[in-house]
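Secondary and tertiary structure notes
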Amino acid sequence: MSDQDKQEQRRKIEALTDELQAIRRDIHKHPETAYEENRTADIVAERLESWGLDVHRGLGGTGVVGTLRKGDSNRAVGFRADMDALFIQEKNTFDHRSVHDGKMHACGHDGHTTMLLGAARYLSESERFNGVLHFIFQPAEEGEAGAKAMIDDGLFDLFPCDAVYGLHNMPGIEAGHIGLRAGPILAASDRWTAEFRGSGGHGSMPHKGTDPTVAAAQFITAMQTIVSRNVDPIDTGAISVGHITGGDPGSLNIIPSDVLVGGTARSFSDSTRDLIERRLGEVAEAIAGAHSCEVDVSYVRGYPATVNWREQTEIATRAAEAAVGAARTDPNLNPLPGGEDFSFMLQQVPGCYAFIGNGFGEPDEFVHAPRYDFNDEIISSGVNYWVELAETELDDMS
Ligand SMILES: [Zn+2]
Ligand SMILES: [Zn+2]
């Protein structure tokens, strides 16, 4: 594409900003949580239909897919945005603050939905790609696995994709900059508990029983060796205790018969995830046994690690460089220990998940904080990224 054409494209996308900002603020004002994104899905579906896309609703609950076909190629690419809000009481005072008590768009999914709508709007009038684009608007990213619900409901059977891409805003990265990396970019996020049981007894006569408090205490220190002694030093993980209960503060002379320890485990590869799960069980059992106690360990797997595919990361990097410039693209972003259900899509289809900088707000303006707000200044950068990605993936010339 000539420089002049490129400038024309930028100008047309910039011209959509007011309309897109109004959509973004309207969605922000009316946040909807997991699987209740009906109003948001209405807005998405109505807009997509008005721009001539084929629209499929009700996939995985409230999910929406809009399809755009140009030319004769059957190569198909999926672009995904999430639509759900969080159970947080918003503390912002601006006009577009949440009108729903206890719910707010504190993770910027209002912005994700808007940027992807902007791309659909622009690309519906573009002839610069050859193939099929599926615009995937999913419910329930926040802990309720809406991506998996859409996959289980036949997302990639009904809309086969050769590649799939996701984009998330991120405070602490310069506004409009894009960061990504090949390989793991977000962690697997799991929960575990270990319940130690002994006879308990009178605190004055510990020799008459078995004491689960000693077993639990030794377990808490011993499990710290799983990451430091068992995980490969060039891989990484995190295991933290978030909860301990046992006994009664009103009965300090009683050795309890039950002590519950629980926490979170993060990892960036399947092998480390398996290892952490196995070793937590082994360490707990061995220590319980050493103290003539018993233990029940439960390990609940949440979202898997979000692992970017190499080839699609190179494509996404080229698109980001074309959209915001090489100086504003970081292809070696450090992985973050948060979790994302886009990981389920990347287990099925090659693809890449990237971050777009939301800029530097106050310290309490991080995602999931009650004063967070998606930065409307980055809408056009996000739209440009999606458009460049469509044109790179479905190149008219190839
Ligand atoms: Zn979030
Ligand atoms: Zn999010």
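Residues numbered from 1 in each chain as written. Chains lettered and ligands numbered in written order. Predicted model: local features only at pLDDT ≥ 70, side-chain atom pairs only at ≥ 80, totals over all residues. Heavy atoms only, no water.

This paragraph deals with helix α9 (residues 270-290). Quick reminder: α-helices carry 3.6 residues per turn. Residues three or four places apart thus point the same way. With 21 residues, α9 ought to run about 30 Å at 1.5 Å a step, and its terminal C-alpha atoms sit 30 Å apart, in line with that. By the burial criterion, the buried members of α9 are Thr-272, Arg-273, Leu-275, Ile-276, Leu-280, Gly-281, Val-283, Ala-284, Ile-287 and Ala-288. One or two positions beyond α9, positive phi appears at Ser-292, with a value near 55°. (Helix = DSSP H or I, 4+ residues; strand = E, 2+ residues; numbered from the N terminus. Expected span 1.5 Å × (residues − 1). Buried < 20%, exposed > 50% of the residue type's maximum accessible area, 1.4 Å probe, protein only.)

All told, the structure shown has 26 salt bridges when counted by the stated rule. Between Glu-8 and Arg-11 there is a salt bridge, and its shortest N-O distance comes to 3.1 Å. In this pair, Glu-8 and Arg-11 both sit in helix α1 (residues 3-15), three residues apart, roughly one turn of the helix. With a shortest N-O distance of 2.7 Å, Glu-282 and Arg-279 are connected by a salt bridge. Placement of the pair is Glu-282 and Arg-279 together in helix α9, with a separation of three residues, close to one helical turn. The class of Glu-282 is partly exposed, set by a relative accessible area of 33%. Accessibility expressed as a relative area gives 22% for Arg-279, which makes it partly exposed. Taken together, the salt bridges that share partners define one network made up of Arg-24, Arg-25, Asp-110, Asp-373 and Asp-376. (Salt bridge = Lys/Arg side-chain N within 4 Å of Asp/Glu carboxyl O.)

Here we come to the environment of Phe-374. Mapped onto the fold, Phe-374 is located in the loop between β16 (351-359) and α12 (379-393). Sequence separation between Phe-374 and Pro-249 is 125 residues, and the spatial gap between their C-alpha atoms is 45 Å. In this view, Phe-374 contacts Arg-24, Gly-108, Asp-110, Gly-111, Met-115, Asn-169, Asn-358 and Ile-379; residues no more than four positions away in its chain are not counted. (Contact = heavy atoms within 4.5 Å.)

Every protein donor of the zinc ion (ligand 1) is listed here as Cys-107 (SG), Glu-142 (OE), Glu-142 (OE) and His-368 (NE2), and their distances to the metal cover 2.0 to 2.8 Å. Given four donor atoms and angles of 51 to 150° at the metal, the environment of the zinc ion (ligand 1) is assigned as irregular. Along the chain, the residues donating to the zinc ion (ligand 1) are arranged with the sequence spacing C-x34-E-x225-H. The distance between the zinc ion (ligand 1) and the zinc ion (ligand 2) is 3.1 Å, with Cys-107 acting as a donor to both metals. Of the two residues, Glu-142 sits in the loop between β4 (131-138) and α5 (146-152) while His-368 sits in the loop between β16 and α12, which places them 226 residues apart along the sequence. (Donors = N, O, S within 2.8 Å, 3.2 Å for Na, K, Ca; no water. Tetrahedral: all angles 85-135°; square planar, octahedral: opposite > 155°, others 65-115°.)

A few words now on the coordination of the zinc ion (ligand 2). Every protein donor of the zinc ion (ligand 2) is listed here as Cys-107 (SG), His-109 (NE2) and His-168 (NE2), and their distances to the metal cover 2.1 to 2.4 Å. Binding-site remark: the zinc ion (ligand 2) is held by donors from one chain whose sequence spacing is C-x1-H-x58-H.

The terminal C-alpha atoms of helix α3 (residues 38-50), which comprises 13 residues, lie 18 Å apart, in line with the 18 Å expected from a rise of 1.5 Å per residue. Listing the buried residues of α3 in full gives Thr-40, Ala-41, Ile-43, Val-44, Ala-45 and Leu-48. Where the residues of α3 are buried, they touch α2 (17-29), β1 (54-59), β2 (63-70), α4 (109-123) and β4. Among the residues trailing α3, Gly-52 stands out with phi positive, at a value near 90°.

Moving on, we come to the sheet that holds strand β5 (residues 163-171). If you trace the eight strands from one edge of the open sheet to the other, you get β1-β2-β4-β3-β5-β16-β6-β15, paired in mixed fashion. The open sheet has two free edges, formed respectively by β1 and β15 (329-330), since each of these has just one partner strand. Alignment of strand β3 (residues 76-82) against β4, held across seven bridges, turns out to be parallel. In the sheet register, Phe-79 faces β4, and the bridge partner there is Phe-135. Of the strands in this sheet, β3, β4, β5, β6 (178-179) and β16 touch α12, which is tilted by about 160° from β5. (Pairing = 2+ DSSP bridges. Axes fitted to C-alpha atoms, helices over the stretch in contact; angles between N-to-C directions.)

In this section: the side chain of Thr-17. As for its placement among the helices and strands, Thr-17 is situated in helix α2. By relative accessible area, which is 14% here, Thr-17 ends up buried. A distance of 2.6 Å separates a polar atom in the side chain of Thr-17 from the backbone oxygen of Glu-14. (Polar contact = N/O pair within 3.5 Å; in protein donor to acceptor, adjacent residues only side chain to side chain.)

Examined at the domain level, the protein chain breaks down into domain 1 (3-186 + 305-393) and domain 2 (188-300). Each of domain 1 and domain 2 has a C-alpha centre, and the two are 40 Å apart. Listed as interface residues are nine residues of domain 1 and, on the opposing side, four residues of domain 2. Taking both sides of the interface into account, the surface hidden between domain 1 and domain 2 amounts to around 500 Å²; carbon and sulfur atoms contribute 61%. Ranking the residues of domain 1 by area buried against domain 2 places Pro-184, Ala-305 and Pro-337 at the top, with a combined share of 62%. Counting across the interface, domain 1 meets domain 2 through zero salt bridges. If you look at where domain 1 meets domain 2, you find one residue pair in polar contact (both at pLDDT 80 or more). In the side of domain 1 that touches domain 2, the residues fall into seven nonpolar, two polar and no charged. (Domains from an automatic or database assignment. Buried area = accessible area lost by both parts, 1.4 Å probe. Nonpolar A, V, L, I, M, F, W, Y, C, P; charged D, E, K, R; others polar.)

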